[in-house]
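# Summary of the model geometry
Listed below are the residues making up each chain.
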Amino acid sequence: MTTFDARPQAAIGSRPPGWLSSVLVDGHAGECDAVFPFRQRLEPSCVATARRFVDQTLAAWGVMEVAFDAQLVVSELVTNAMRHGGGVAQLRLLSHGAELACVVADHSHTVPVAAAPDVFSEFGRGLRLVDALCSAWGWLSPSGSRKLVWAVLVG
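Keep in mind that what you see is a predicted model, and the values were worked out from it rather than measured.

Should their charged atoms come close, side chains of opposite charge can pair. One pass over the full model with this rule turns up 2 salt bridges. For the salt bridge of Asp-106 with Lys-147, the shortest nitrogen-to-oxygen distance reads 3.1 Å. Here the residue Asp-106 occupies a position in strand 4 (residues 99–106), and Lys-147 occupies one in strand 6 (residues 147–154), the gap between them amounting to 41 residues. Here Asp-106 matches Lys-147 in class, with each residue buried.

Written out as structure tokens, the structure is:
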């Protein structure tokens, strides 16, 4: 089985789980909530900084079992924000029970689209990888000039 069909049941572009929606859309507080604002939105070091933030936050929360997958998902979402979203604005991690949400805010309303699989392409596998690792992922444009791309991992 390839990465492209490892998780066909994952909900691409779906609505976030109820608990995540209440945090992102309704503004309710999450159980565990950590935010990292990016100062330099197009710096190549943003990805490495995001991975360190994930590692430090999950260690503090005591949920290291999903750290590697979370770092990979966050790397892809931050890279997409830098390439296609006008730069990354913010990374937010939220934990609810066994679920971990990775949320990246960027400066665009362009909808993220998973590229068609192409073995010869150098790019275009990021969202397929996110889809393979996560139980669901999608995007919201709640207000203002930012889009939120979210992905939920189950630990």
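The end-to-end C-alpha separation of helix 2 (residues 46–61) is 22 Å, in line with the 22 Å expected for 16 residues at 1.5 Å each. Among the residues of helix 2, those classed as buried are Cys-46, Val-47, Thr-49, Ala-50, Phe-53, Val-54, Thr-57 and Leu-58. One side of helix 2 carries all its buried residues, which in axial view fall inside an arc of 155 degrees. Along its buried surface, helix 2 packs onto strand 2 (32–37), helix 3 (67–84), strand 3 (88–96) and strand 4. Looking one or two residues beyond helix 2, the residue adopting positive phi is Gly-62, at roughly 75 degrees.

In this section: the packing of helix 3 against helix 4 (residues 126–133). For the pair helix 3 and helix 4, the least separation of the axes is 9 Å and the interaxial angle reads 150 degrees. Taken together, the axes of helix 3 and helix 4 lie roughly antiparallel to each other. Our pair here, helix 3 against helix 4, has a crossing hand that is left-handed. Side by side, helix 3 and helix 4 meet where Asp-69, Leu-72, Val-73, Glu-76, Leu-77 and Asn-80 of the first sit next to Gly-126, Leu-127, Leu-129, Val-130 and Leu-133 of the second. Tallied by class, residues from the contact of helix 3 with helix 4 come to 7 nonpolar, 2 polar and 2 charged.

Another point: the nonpolar core. Counting 31 residues, the largest nonpolar core has Val-73, Val-74, Leu-77, Val-78, Val-88, Leu-91 and Cys-102 as the members making the most contacts within it. Contributions of two or more residues to this core are made by helix 2, helix 3, strand 3, strand 4, helix 4 and strand 6. Ranked by the residues each element gives to this core, the list is headed by helix 3, at 8 residues. Counting 14 residues, the second-largest nonpolar core is a separate cluster that includes Val-23, Ala-101, Ala-105 and Val-152.

With respect to the helices and strands, Ser-95 occurs in strand 3. The exposure class of Ser-95 is buried, given its relative accessible area of 11%. Ignoring anything within four residues of it in the chain, the contact list for Ser-95 reads Glu-31, Cys-32, Trp-61 and Leu-100.

What follows covers the pairing of strand 5 (residues 136–140). Both faces of the sheet carry side chains from a regular strand, because those side chains alternate between them. Of all 5 residues making up strand 5, 4 are buried, and the element is well covered by its neighbours. Pairing between strand 5 and strand 6: 5 bridges, direction antiparallel. Paired with Gly-138 across the strands is Trp-150, a residue of strand 6.

This part takes up the packing of aromatic side chains. Taken as a whole, this structure holds 3 aromatic pairs when the rule is applied. Arranged with centres 5.4 Å apart and planes meeting at 45 degrees, the rings of Phe-36 and Phe-53 form a pair that is tilted. Of this pair, Phe-36 sits in strand 2 while Phe-53 sits in helix 2, and the two are 17 residues apart along the sequence. Given the relative accessible area of 24%, Phe-36 is considered partly exposed. Cluster of aromatic residues (ring-pair linked, three or more members): Phe-36, Phe-38 and Phe-53.

Thresholds, definitions, all that
- Residues numbered from 1 in each chain as written.
- Predicted model: local features only at pLDDT ≥ 70, side-chain atom pairs only at ≥ 80, totals over all residues.
- Heavy atoms only, no water.
- Salt bridge = Lys/Arg side-chain N within 4 Å of Asp/Glu carboxyl O.
- Helix = DSSP H or I, 4+ residues; strand = E, 2+ residues; numbered from the N terminus.
- Buried < 20%, exposed > 50% of the residue type's maximum accessible area, 1.4 Å probe, protein only.
- Expected span 1.5 Å × (residues − 1).
- Arc of directions from axis to C-beta.
- Contact = heavy atoms within 4.5 Å.
- Axes fitted to C-alpha atoms, helices over the stretch in contact; angles between N-to-C directions.
- Parallel < 35°, antiparallel > 145°, perpendicular 65-115°, else oblique.
- Left-handed = near helix turned anticlockwise from the far one by under 90°.
- Nonpolar A, V, L, I, M, F, W, Y, C, P; charged D, E, K, R; others polar.
- Core = buried A, V, L, I, M, F, W, Y, C linked by side-chain atoms within 4.5 Å.
- Pairing = 2+ DSSP bridges.
- Phe/Tyr/Trp six-rings, centres within 6.5 Å; stacked < 30°, edge-to-face > 60°.

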